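Here's the letter readout for the chains.
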Amino acid sequence: MAPNAFLPIATFVNLVSAVFTLIIWYTAYKAFRFLGSVKMLFLSISFLLFSLGLFSQTFYATAALVESIALPRLFVGEGYLLYSILMLAGYMVLAFAYSIGEVGAAALSVFAYRKNPFNSVTRLFLNFRVFFEYGVQVFSAALLLYVLVKVYEEYFSRKASYAAPIAVGLTLLFIQLLVRIFDLDSAFDYLFASIIQLAGFALIFYAVWKVNSK
């Protein structure tokens, strides 16, 4: 199978994830209206941002397929940067939700290097953009790691039934984020990350639905 043959499948998985996150947003918002939980409000806002990011990534990936854009450009272009920023905004909202009334923790950022596929005329600008994109991704990973610590602390201290699937779901999101940072150089990697992301969203949706159905 040609490397780019995985791209349509990954794009479809991303679209499903986008719809899933939109459902999670609505379900979490209903839970907030029903329970008055501020955490559910922040969860709904974060997943609305995730949904916007995934829909934008799906749009740009579809455009890449239609216009036969070289695969490496998809992972360093404007569409991926927009996706990264929207996902970062979602992680920031999550981190804020779990840091209310607590001292924030510092995180160590480790940057990776990706080869630039463009010509020397635009190399300087694109190097900055790739560096900025990695910065957004690494900051997202740091925020998500902070949220993971808080979620697992909540699970082990309160033993809430909904905390376990949320913790596992966020762990899967953290894994896919690491794949996007360190190993996203092919359509197969893109598909792999997208599937893990979808599985994480599915677990979080189950947890939010469970809270909402009580």
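Preceding block: the structure.
None of the values given here were measured: they were computed from a predicted structure. (Residues numbered from 1 in each chain as written. Predicted model: local features only at pLDDT ≥ 70, side-chain atom pairs only at ≥ 80, totals over all residues. Heavy atoms only, no water.)

Novice: It is not clear to me how the nonpolar core should be interpreted in this structure. Could you clarify?
Specialist: Side chains of nonpolar character tend, in soluble globular proteins, to be buried together. Among the nonpolar cores identified, the biggest contains 47 residues, and Tyr91, Leu170 and Phe201 are the most heavily contacted of them. Counting residues per element, this core draws most heavily on helix H4 (residues 78-99), which supplies 11 residues. Among the nonpolar cores identified, the runner-up in size contains 8 residues, and Ala10, Ala61, Tyr190 and Leu191 belong to it. (Core = buried A, V, L, I, M, F, W, Y, C linked by side-chain atoms within 4.5 Å. Buried < 20%, exposed > 50% of the residue type's maximum accessible area, 1.4 Å probe, protein only. Helix = DSSP H or I, 4+ residues; strand = E, 2+ residues; numbered from the N terminus.)

Novice: Explanation requested: the packing of aromatic side chains in the structure shown.
Specialist: Aromatic ring pairs are described here by two measures, namely the spacing of the ring centres and the angle between the planes. Counted according to the given criterion, the structure contains 10 aromatic pairs. Aromatic pair tyrosine 152 and phenylalanine 156: ring centres 6.4 Å apart, planes at 25°, arrangement stacked. Here phenylalanine 156 and tyrosine 152 lie together in helix H5 (residues 123-158), a separation of 4 residues that amounts to about one turn. For tyrosine 152, a relative accessible area of 31% puts it in the partly exposed group. Classification of phenylalanine 156 as exposed rests on a relative accessible area of 56%. These aromatic residues form a ring-pair network of at least three members: Phe47, Phe50, Tyr91 and Phe201. (Phe/Tyr/Trp six-rings, centres within 6.5 Å; stacked < 30°, edge-to-face > 60°.)

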